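The residues making up each chain are set out below.
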Amino acid sequence: MSETSGTSGTEHSQPGGYAAARLSLLQQEARPGPSRRAELARLTDDWLAALFTAAAPPRGTALVAVGGYGRGTLSPRSDLDLLLLHDGTAEPAAVAALADRVWYPVWDLGLALDHSVRTPAEATKTAADDLKVHLGLLDARPLAGDRGLVAALRTAVLADWRNQAPSRLPALHALCQERAERAGELPHLLEPDLKESRGGLRDATALRAVAASWLADAPRDGLADATRTLLDTRDALHLTTGRATDRLALQEQDQVAAALGVLDADTLLRRVYEAGRTIAYASDVTWRDVQRVLRARSARPRLRALLGGTKPQPERTPLAEGVVEMDGEAVLARTARPERDPVLPLRAAAAAAQAGLPLSRHAVRHLATAAKPLPAPWPAEAREQLITLLGAGEPTLAVWEALEAEGLVTRLLPDWERVRCRPQRNPVHTWTVDRHLVETAVRASALTRRVGRPDLLLVAALLHDIGKGWPGDHSVAGETIARDTAVRIGFDAADADVLAVLVRHHLLLVDTATRRDLDDPATVESVAKAVGSVSTLELLHALTEADALATGPAAWSSWRASLVADLVTRVAGALAGDAPRVARPTAPGAAEERLAVEALRTGEPVLDLHAEAAPQDGAPEPVGVELLIALPDQPGVLPAVAGVLALHRLTVRSADLRAIDLDPAFGGSAVLVLNWRVAAEYGSLPQAARLRADLVRALDGSLDVAARLAERDAAYPRRRGVKAPPPRVTVAPAGSAARATVIEVRAQDAPGLLHRIGRALEGADVRVRSAHVSTLGANAVDTVYVTRGDGTPLAGEEAAEVARGLERALSTA
């Protein structure tokens, strides 16, 4: 007698007895979950074993459960995956009769059956030809008959799986990827397929298969609970619909939630999404491990031959301070100290995304447990690294998922918890709220050339729907959250106000353009009043487009884009009087004047390199180290200085270049003064004497800066990082400056960028009067004041041609 079913084997052999016991089990509301699945499997085992025994099977035969049934996780409407195994000694007619005695009762009850009849040799040959069959046999479990025959088959199948892992696992990975493209991502679908979608039950099964290969293993934290959540949900779905479906359709979600004792459908979806994310992230980590092991296996014999039999050491290439690339991942450097470096999590994430690399799971876990919390407000570097991460484009998604998996995102941004895994009931939306926010930042990263403050655009993109975790109008709630978050991450009050306006009015342009009469002056006036300035309007326009593109294909069209652009043009006209003035050079300070006098006296460059003092309360935070350079006015200064700084691996945070006329008492000549704020890429700063010596050589032509930079770039392999948007070079309106033509450059920040800008302008035979450089995350926004050789501004077409030439030069660099 079965202890679980309460019925005898004879009763089990009768379809009616099994059906009644099965129905009674499925109606027991107090016994859902793993225990019910296991008991349903045992009940079915007993019934099928009784059918097999009653058929008087020949010697050398066995009934085997495979696939999901073999794992013992039988859902109410699951298929029964069965294999009738025989050693080939019995008469074919006897084997066929045995199969009929088992298969027909199953069909008579209306149960779905996936069946086959094979010898061990036939089973292993079929497995070799069909990956799905091989996967099913990995979970083979004897039900009745010759257990030794089944054990031998399991041993052979498992040995083949391990021996063929180098070819089988890539094929399995390709199968998983194809299925994900077809079925979508479970953690973000409004009607997810619990089995087929990325992060679903088939992915959990694939992870078991990888572990069985002994080649790699999946992260186990939370994986069993995530799989159970999806199985429990599928059980409830089967019972509420009475169908063998894996798609959690909208019309069934309330009933499924009630069956599981969950508060509502949204709560159910959040649980499902969290489970799907756990499985999807475990899959990503596992497949990277598989690829790394396979690469190492294929390369090891060649490397050992080259190294004379010694074990090769993995190459570690610096990415940022405390972060290196190793085996195709961003990992922590041996010298990294997360307990002393609170910015390290963001720096590691930004470096990984910019390089197009995954962030090592071990690194993320170590950062999650060891990293010191960031102070409030954040230091400037932390803010810059967040912006760099958001501006990296598509690679941001995988890195953000890695941070989410270990709870680092909610630690950095506590308000994120309310939108994490939150479903959106509007079918126009493709993603959950949190994924939509990151997708919007990805879309915004391609639009940063259109705005003067790409940092504000990217942060606004990340926060624009943050209020959806609160009751009421999410734009109103989000305004307050965005302002508080902006202050916490280190923006000043003015920038925090702009971010609050962007979040509060992120739907304003598209709603107004599509629902109001644009010819009505009151329409334009109301938008102008809400936006307040041309610079904010520029940001809002880009945010509107990024938001729509990240929502779904139905949210943006050429018609909507043209309406919004028309509205923006009208509002910009109304706000023209409030447009921000272009910054003009200010009078030199005492330190600059002192260096200028010394440069004029010696006729050579004079440098002053020193760390900035800690900021006073309420003062802007310093970005790096201050470098002052003064030298007699001459051509080629900007590219020479910028190139030398790049050679010494100094990142330019901000710069100001100006020509000043000294008082006649000091000779009355013009001297160039450059005020830079720089940071070392990998730690220590170079000595000022070395900088000065290289600058002298660059100016006299004995140091070929461009060639040296090209050699260094060629020494490092090209990374597969995000493809940056093309540079954009524009000429400011003629009234922007009275004494010079203003050229604005927006491009991807990179070593030597300012050097290339300076060389291109020198080649255009224009003179740089001053330059104002700002690096915002991964973006450089540079403003250069240029004149003809005689000191007069460039004419309209002349200036446009210089801008086009500069854009071409930067595009081909």
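Residues numbered from 1 in each chain as written. Predicted model: local features only at pLDDT ≥ 70, side-chain atom pairs only at ≥ 80, totals over all residues. Heavy atoms only, no water.

With respect to the sheet that holds strand β4 (residues 141-145)
With respect to topology, four strands assemble into an open sheet ordered β3-β2-β1-β4, the strand pairing being mixed. Two strands bound the open sheet, and with one partner strand each, they are β3 (113-118) and β4. On average, each strand axis in the sheet is tilted by 25° relative to the strand beside it, whichever way the strands run. Contacts from helix α6 (residues 120-129) reach β2 (80-86) and β3, with the element oriented near 120° to β3. Packed on one face of the sheet, helix α8 (residues 147-163) meets β1 (61-65), β2 and β4 and runs near 105° to β2. (Pairing = 2+ DSSP bridges. Helix = DSSP H or I, 4+ residues; strand = E, 2+ residues; numbered from the N terminus. Axes fitted to C-alpha atoms, helices over the stretch in contact; angles between N-to-C directions. Contact = heavy atoms within 4.5 Å.)

Here we look at the sheet that holds strand β6 (residues 323-326)
Taken in spatial order, the three strands line up as β5-β6-β7 in an open sheet, and their pairing is antiparallel. This sheet does not close on itself; its edge strands, each paired only once, are β5 (317-320) and β7 (329-332). Here the average twist between neighbouring strands, direction ignored, is 45°.

Some details on the confidence of the model for the protein chain
In the predicted model, the protein chain carries a mean pLDDT of 87, and 89% of its residues have values of at least 70. Per-element averaging of pLDDT across the protein chain places helix α1 (residues 9-13) at the bottom with 48 and β1 at the top with 98. Scored below 50 in pLDDT, residues 1-12 shows 18 contacts in the model against residues more than four places distant or in partner chains. In the predicted structure, residues 578-585 sits below a pLDDT of 50 and forms 12 contacts with residues beyond four places in sequence or in another chain. (pLDDT = per-residue confidence, 0-100.)

Brief notes about the pairing of β1
Within β1, five of the five residues are buried, leaving the element largely enclosed by the surrounding structure. Pairing of β1 with β2 involves five bridges; the strand directions are antiparallel. The residue of β2 that forms the bridge with Ala62 is Leu85. The pairing of β1 with β4 spans four bridges and is classified as antiparallel. Across the sheet, residue Ala65 finds its bridge partner in β4, namely Arg141. (Buried < 20%, exposed > 50% of the residue type's maximum accessible area, 1.4 Å probe, protein only.)

Focus on the packing of helix α19 (residues 433-445) against helix α25 (residues 534-551)
Packing of α19 against α25 leaves a shortest axis separation of 8 Å and a crossing angle of 125°. In this view, α19 runs oblique relative to α25, as classed from their interaxial angle. The way α19 lies across α25 gives a crossing that is right-handed. Between α19, through His436, Glu439, Thr440, Arg443 and Ala444, and α25, the contact on the second element is made entirely by Leu543, Ala546, Asp547, Leu549, Ala550 and Thr551. Here the contact of α19 with α25 is composed, by residue class, of five nonpolar, three polar and three charged. (Parallel < 35°, antiparallel > 145°, perpendicular 65-115°, else oblique. Left-handed = near helix turned anticlockwise from the far one by under 90°. Nonpolar A, V, L, I, M, F, W, Y, C, P; charged D, E, K, R; others polar.)

Some thoughts on the side chain of Asp203
Residue placement: Asp203 occurs in helix α10 (residues 201-213). Residues in contact with Asp203, not counting those within four places in the same chain, are Cys176, Arg179, Ser197, Arg198, Ile279 and Ser283.

Digging into the nonpolar core
The biggest cluster of nonpolar side chains holds 94 residues, and the ones touching the most others in it are Leu359, Trp378, Trp400 and Trp416. With nine residues, the single largest contributor to this core is helix α14 (residues 344-355). Core analysis: the second largest hydrophobic core is formed by 49 residues, Ala646, Leu650, Ala655 and Leu672 among them. (Core = buried A, V, L, I, M, F, W, Y, C linked by side-chain atoms within 4.5 Å.)

Side note on the pairing of β3
Pairing analysis gives six bridges linking β2 to β3, with the strands arranged parallel. Within β3, the position partnered with Leu82 by the bridge is His115. Crossover β2 to β3 through helix α5 (residues 92-108) is right-handed. (Right-handed = clockwise from strand over helix to strand, strands pointing away.)

Digging into the environment of Asp45
Positionally, Asp45 belongs in helix α3 (residues 34-54). What makes Asp45 buried here is its relative accessible area of 13%. A sequence separation of 98 residues divides Asp45 from Leu143, and the C-alpha atoms of the two residues are 6.1 Å apart. Every residue in contact with Asp45, bar those within four places of it in the chain, is listed here: Tyr69, Arg141 and Leu143. Here the side chain of Asp45 touches Arg141 through a polar contact of 2.7 Å, side chain to side chain. (Polar contact = N/O pair within 3.5 Å; in protein donor to acceptor, adjacent residues only side chain to side chain.)

Quick word on the packing of α8 against α10
Where α8 meets α10, the closest approach of the two axes is 8 Å, and the angle between their N-to-C directions is 85°. Taken together, the axes of α8 and α10 are roughly perpendicular relative to one another. Two secondary-structure elements touch here, α8 through Leu158, Trp161 and Arg162 and α10 through Ala209, Ala212 and Ser213. Broken down by class, the residue content of the contact of α8 with α10 amounts to four nonpolar, one polar and one charged.

Description of the pattern of salt bridges
Summed over all chains, the structure comprises 50 salt bridges. Residue Glu381 pairs with Arg347 through a salt bridge whose shortest N-O separation is 2.7 Å. With Glu381 in helix α16 (residues 380-390) and Arg347 in helix α14, this pair connects stretches of sequence that are 34 residues apart. Look at Arg347 and you get buried, because its relative accessible area is 5%. A salt bridge links Arg808 to Glu801; the nearest nitrogen and oxygen atoms lie 3.3 Å apart. When salt bridges with common partners are traced through the structure, they connect Glu185, Arg198, Asp284, Glu401, Arg435 and Glu439 into a single cluster. (Salt bridge = Lys/Arg side-chain N within 4 Å of Asp/Glu carboxyl O.)

Regarding the packing of aromatic side chains
Summed over the entire model, instances satisfying the criterion amount to three aromatic pairs. Ring centres of Tyr104 and Trp107 lie 5.1 Å apart, and the angle between their planes is 90°; this geometry places the pair in the edge-to-face category. One end of the pair, Tyr104, and the other, Trp107, are both in helix α5, three residues apart, so they sit about a helical turn from each other. You can call Trp107 partly exposed: its relative accessible area is 36%. Against the face of Phe491 rests Arg383, its NZ or CZ located 5.6 Å from the ring centre. A cation over an aromatic ring shows up here: Arg418 above the ring of Trp470, its NZ or CZ 3.6 Å from the ring centre. (Phe/Tyr/Trp six-rings, centres within 6.5 Å; stacked < 30°, edge-to-face > 60°. Lys NZ or Arg CZ within 6 Å of the ring centre and 35° of its normal.)

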